[in-house]
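# Working through the structure, step by step
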There are 2 protein chains.
Amino acid sequence: MLERERSEILDEIRRFARGIYEQLVGHEFPRVSIPDRSTSNIIFDPQKRHYVLGPKRTVRRADNVKHIRSFTNLVWVAYYVHNLVKAGKSSTLRDVYYSAEAFDIKFKSQDESDEAISDFEAILNIPRERLGIFPEERSAIFGDLTIEYTCAGYEGQRLNLTSHPDGVMIGPALATSNFVSTSAERVIVIETGGMFTRFVEERVDKKYRAILIHTAGQPPRATRFLIRRLNKELNLPVYIFTDGDPYGAHIAQVIISGSANSAHIPDLATPDAKWLGVWATDIKRYKLPSDSLTSKDVERLHQMMRDPRYQSSFWQEQLETFLELKRKAEQQSFSRYGLTYVVDKYLPEKIRELERG
Amino acid sequence: MLERERSEILDEIRRFARGIYEQLVGHEFPRVSIPDRSTSNIIFDPQKRHYVLGPKRTVRRADNVKHIRSFTNLVWVAYYVHNLVKAGKSSTLRDVYYSAEAFDIKFKSQDESDEAISDFEAILNIPRERLGIFPEERSAIFGDLTIEYTCAGYEGQRLNLTSHPDGVMIGPALATSNFVSTSAERVIVIETGGMFTRFVEERVDKKYRAILIHTAGQPPRATRFLIRRLNKELNLPVYIFTDGDPYGAHIAQVIISGSANSAHIPDLATPDAKWLGVWATDIKRYKLPSDSLTSKDVERLHQMMRDPRYQSSFWQEQLETFLELKRKAEQQSFSRYGLTYVVDKYLPEKIRELERG
């Protein structure tokens, strides 16, 4: 993390602490105001084209016996995060949960400590990754992008992301790095490891001037931040290539429009990103080997038809086509036409289609 | 892959094909002899200290109607792999499954194509990774080891594995690379991403001259090969750090002694690797936050007590202690004592203990 950013974050945390301190000194029971993260306050913002929190707030008060537990949890999280940022270290949601024990804060389960962290994110309007708290999962990246690390011990050290053909992990070091230079003209986000390796081997990075990101299923938030940064800072269009099933469409949509769970986090969605495929209509068009939809898939598709994020004619057509065909197809089903078909035929056709608008 | 290795593998595949061809030309129904991979032929070899196949073989004959399907599958896999190795490409188990469709080979499910690949591995006595077939999952590595790639397009290019603090992925490129130089004196294999990042941040690679490997749960076979190579080629002791529960012990044991599923694969186990922890006895010794064993954990522990791989007094004591305590503890539970305790106290104590013998 850059020194400037660190001291800004520390200022924010201290502002929060000072609020409580001043109430105590003024002989008041302290209270804190928290943006309301309940469903009734989660709104799909058509201007911003992603989920945001509405204006509602809730108040936690130390003189309400029902609030004391969550109030204390929140204050402890603030204390923990302050130390973490000061030390310039990173940790995980799980670490936070266990670290509490030493302070006789007994979280009932990790859910409870995760909740307190989400509240604190919402109060500061800063995502936990910038506070040094990362999840377990890791995605990977490959392509012509030179980054410069800002993390302790590596400041100023650079890496070009074509240095390792299997991809490098997207963890705290990459998430906090700066972009130095790139020749890439687009970003391709890929759901499965098999397809990511195929793209690297076929040099999609060179042939299509693309930065490749492997999400390994639903991408962690640090990866979604990175995708947004590539789009906003470098002005690169983003294409998302997933399996052709409800889960794949959902992966794409969460990158594009965010999720209700993270409505309280700014700057996470990439509304200009586009789903490259596998579209429901691709199953017909490319005569892909496919599987039957399960009853759960069908149920999920009906839910999605009503979801505000899927109201465009493009998405409605795709969801309807899944239901009509009653079939789904994996990315790797293109192997039916040989290993390189997906790169030689499918990818250029789809990119052309998307870039025409 | 090196040219020499490629032509050796192609020779082996052609030898297999020639056997069938010569039977056909001699007007015989072709048959092939396959090492028997059934449970009755899987033996724990106390000399080698890992699972191996016994001497039994089975014969698949084209004049037996019950054998025709698996015989054909096997011949097609040989054909596919021959093309793959010739082209110097990699693929996944899933790719193989889908690729068959273009040849009107209809595998009922991926299980069936996986079976044919395992048979072919056993016949050639060559693991599928060396034939270019990888699974989806990826582990990661970090530490002072310089590798040189042998994969197409990157031959001769080098990378030092401290270049990226989040770790680089262990995929086909890393699996086929050569080791050039290292200052490391040991390898530490780590189950969870959170602990891996902690170790990198605390510079365990420097302080303990260690190469760090993140398995992300049960390590893929390519990672187990790599661990063995680090142990055999570079003569580095290997320590495995997992959660302190039956699953963590199992992860360690599969690295050490192999699994029944891969008894037909040579050179996969690392019998000299050691489980560093979290031992059942560590839960008491370090007063770790712990959880109750589930009934499934208890059942699993009783199975393990009878498993030939767990017969040493060390393992028996650990399994008994789990059952006595009725508790398990995660790697990250050390956070209870602060984020760096695990690196400053636990790790040096355990390494000292293991290196004393």
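Residues numbered from 1 in each chain as written. Chains lettered and ligands numbered in written order. Predicted model: local features only at pLDDT ≥ 70, side-chain atom pairs only at ≥ 80, totals over all residues.

### Re the overall build of chain A
Assigned secondary structure in chain A consists of 13 helices and 17 strands. Relative to the 2.2 N^0.38 estimate, which gives 21 Å for 357 residues, the radius of gyration of chain A is 22 Å and therefore close to what a compact globule would have. Buried positions account for 46% of the 357 residues belonging to chain A. (Helix = DSSP H or I, 4+ residues; strand = E, 2+ residues; numbered from the N terminus. Rg over C-alpha atoms; globule rule 2.2 N^0.38 Å. Buried ≥ 20, exposed ≤ 12 C-beta atoms within 10 Å, placed from the backbone.)

### Some details on the packing of helix α1 (residues 3-25) of chain A against helix α2 (residues 68-87) of chain A
The relative placement of two packed helices comes down to the angle between their axes together with the axis-to-axis distance. All names here are of chain A. Their axes nearest at 10 Å, the elements α1 and α2 cross at an angle of 155°. Viewed along their axes, α1 and α2 adopt a mutual orientation that is roughly antiparallel. Both α1 and α2 take part in a crossing whose hand is left-handed. Contacts between α1 and α2 involve Arg-6, Ile-9, Leu-10, Ile-13, Phe-16, Ala-17 and Ile-20 from the first element and Val-75, Ala-78, Val-81, His-82, Val-85 and Lys-86 from the second. When grouped by side-chain class, the residues that make up the contact of α1 with α2 number ten nonpolar, one polar and two charged. (Axes fitted to C-alpha atoms, helices over the stretch in contact; angles between N-to-C directions. Parallel < 35°, antiparallel > 145°, perpendicular 65-115°, else oblique. Left-handed = near helix turned anticlockwise from the far one by under 90°. Contact = placed C-beta atoms within 7 Å. Nonpolar A, V, L, I, M, F, W, Y, C, P; charged D, E, K, R; others polar.)

### Digging into the sheet that holds strand β9 (residues 158-160) of chain B
Residue and element names in this part refer to chain B. Pairing within the open sheet is antiparallel, and its three strands lie in the order β9-β8-β11. Edge positions in the open sheet fall to β9 and β11 (178-182), since each of these has one partner strand only. Pairs of neighbouring strands in the sheet enclose a mean axial angle of 25°, with direction left out of account. The pairing of strand β8 (residues 145-148) with β11 spans four bridges and is antiparallel. Opposite Thr-146, over in β11, you have Ser-181 as the bridge partner. (Pairing = 2+ DSSP bridges.)

### Remarks on helix α6 (residues 193-201) of chain A
Residues and elements named next belong to chain A. Counted residue by residue, α6 has nine buried out of nine residues, so it is predominantly covered. Looking only at α6, the buried set comprises Gly-193, Gly-194, Met-195, Phe-196, Thr-197, Arg-198, Phe-199, Val-200 and Glu-201. Where α6 ends, the next residue or the one after it, Arg-203, has phi of about 55°, a positive value.

### So, the interface of chain A and chain B
On the side of chain B, 44 residues touch chain A, which itself brings 44 residues to the contact. The residue makeup of the side of chain A that touches chain B, split by class, is 17 nonpolar, 16 polar and eleven charged.

### Re the domain arrangement of chain A
Residue and element names in this part refer to chain A. Taken domain by domain, chain A consists of domain 1 (3-134) and domain 2 (139-356). Between domain 1 and domain 2, the C-alpha centre-to-centre distance is 31 Å. Between domain 1 and domain 2, the contact holds 18 residues from the first and 19 residues from the second. Elements with a minimum of two residues in the side of domain 1 that touches domain 2: β2 (42-45), β3 (50-53) and α4 (110-124). The element that contributes the greatest number of residues to the side of domain 1 that touches domain 2 is β3, accounting for four residues. Of the residues in the side of domain 1 that touches domain 2, the class split is nine nonpolar, five polar and four charged. (Domains from an automatic or database assignment.)

### Considerations on the relation of the copies chain A and chain B
Each copy of the sequence occupies a distinct position, and chain A is placed on chain B by a rotation of 180° and an axial shift of 0.0 Å, giving an RMSD of 0.0 Å. Viewed as a symmetry operation, the transformation between the two copies matches a two-fold axis. Residue Val-168 of chain A of chain A places its C-alpha closer to the rotation axis than any other residue of that unit, at 2.1 Å. Comparing interface residues between copies, 100% of those in chain A also lie at the interface in chain B; the contact surface is shared. (Least-squares fit on C-alpha atoms with pLDDT ≥ 70 in both.)

### Concerning the environment of Gly-171 of chain A
Looking at the element boundaries, Gly-171 of chain A is found in the loop between β10 (168-170) and α5 (172-175). Classification of Gly-171 of chain A as buried rests on a count of 28 C-beta atoms within 10 Å. The spatial distance from the C-alpha of Gly-171 of chain A to the C-alpha of Phe-103 of chain A is 28 Å, given a sequence separation of 68 residues. Those residues in contact with Gly-171 of chain A, other than ones at most four positions away along the chain, are Phe-134 and Arg-138 of chain A together with Asp-166, Gly-167 and Thr-197 of chain B.

### Description of the nonpolar core
Judged by nonpolar contacts, the single largest core of 180 residues is most densely connected at Val-189 and Leu-212 of chain A together with Val-189 and Leu-212 of chain B. Not counting the four nearest positions on each side in its chain, Leu-212 of chain B is found in contact with Ile-141, Phe-142, Gly-143, Ile-188, Ile-190, Phe-196, Phe-199, Val-200, Val-204 and Asp-205 of chain B. (Core = buried A, V, L, I, M, F, W, Y, C linked by C-beta atoms within 7 Å.)

### A word on helix α9 (residues 246-257) of chain B
Residue and element names in this part refer to chain B. For α9, which comprises twelve residues, the first-to-last C-alpha distance of 16 Å matches the rise-based estimate of 16 Å (1.5 Å per residue) to within 8%. Across the twelve residues of α9, ten count as buried, placing the element largely inside the fold. What α9 keeps buried is the set Pro-246, Gly-248, Ala-249, Ile-251, Ala-252, Gln-253, Val-254, Ile-255, Ile-256 and Ser-257. Within two residues after α9, Gly-258 carries a phi angle of roughly 80°, on the positive side. (Expected span 1.5 Å × (residues − 1).)

### A short note on the sheet that holds strand β9 (residues 158-160) of chain A
Residue and element names in this part refer to chain A. Pairing is antiparallel in the open sheet, where three strands are placed in the order β9-β8-β11. Each edge of the open sheet is held by one strand with a lone partner, namely β9 and β11 (178-182). Along the sheet, successive strands turn relative to each other by an average axial angle of 25°, direction set aside. As paired strands, strand β8 (residues 145-148) and β9 are joined by three bridges and run antiparallel to one another. Of the residues in β9, the one forming a bridge with Glu-148 is Arg-158.

### Looking at unusual backbone geometry
Residues and elements named next belong to chain A. With an omega of 0°, the peptide bond between Gly-277 and Val-278 qualifies as cis. We note that Asn-125 has phi near 60°; this positive angle belongs to a residue other than glycine. Residue placement: Asn-125 occurs in the loop between α4 and β6 (133-134). A positive phi angle, near 60°, is found at Lys-326, a position not held by glycine.

### Looking at the confidence of the model for chain A
Overall, the predicted model of chain A reaches an average pLDDT of 93, with 99% of residues at or above 70. For this predicted complex, the interface score ipTM comes out at 0.86, alongside a pTM of 0.89. (pLDDT = per-residue confidence, 0-100.)

### Here we look at the packing of helix α11 (residues 295-306) of chain A against helix α12 (residues 313-325) of chain A
Residues and elements named next belong to chain A. With their axes 10 Å apart at the nearest point, α11 and α12 run at an angle of 160° to one another. Between α11 and α12, the interaxial angle falls into the category roughly antiparallel. Considering the relative orientation of α11 and α12, their crossing is left-handed. Listed contacts from α12 to Val-298, Leu-301, Met-304 and Met-305 of α11 are Gln-316, Leu-319, Phe-322 and Leu-323.

### Re the environment of Lys-56 of chain A
All names here are of chain A. Mapping Lys-56 onto the fold places it in the loop between β3 and β4 (57-61). Separated by 128 residues in sequence, Lys-56 and Ala-184 place their C-alpha atoms 42 Å apart. Those residues in contact with Lys-56, other than ones at most four positions away along the chain, are Asp-36 and Asn-41.

### Considering the environment of Arg-60 of chain A
Residue and element names in this part refer to chain A. Of note, Arg-60 is situated in strand β4. Each C-alpha atom of the pair Arg-60 and Pro-30 lies 8.6 Å from the other, and the pair is 30 residues apart in sequence. If sequence neighbours within four positions are ignored, Arg-60 has contacts with Arg-31, Val-32, Ile-34, His-67, Ser-70, Phe-71 and Leu-74.

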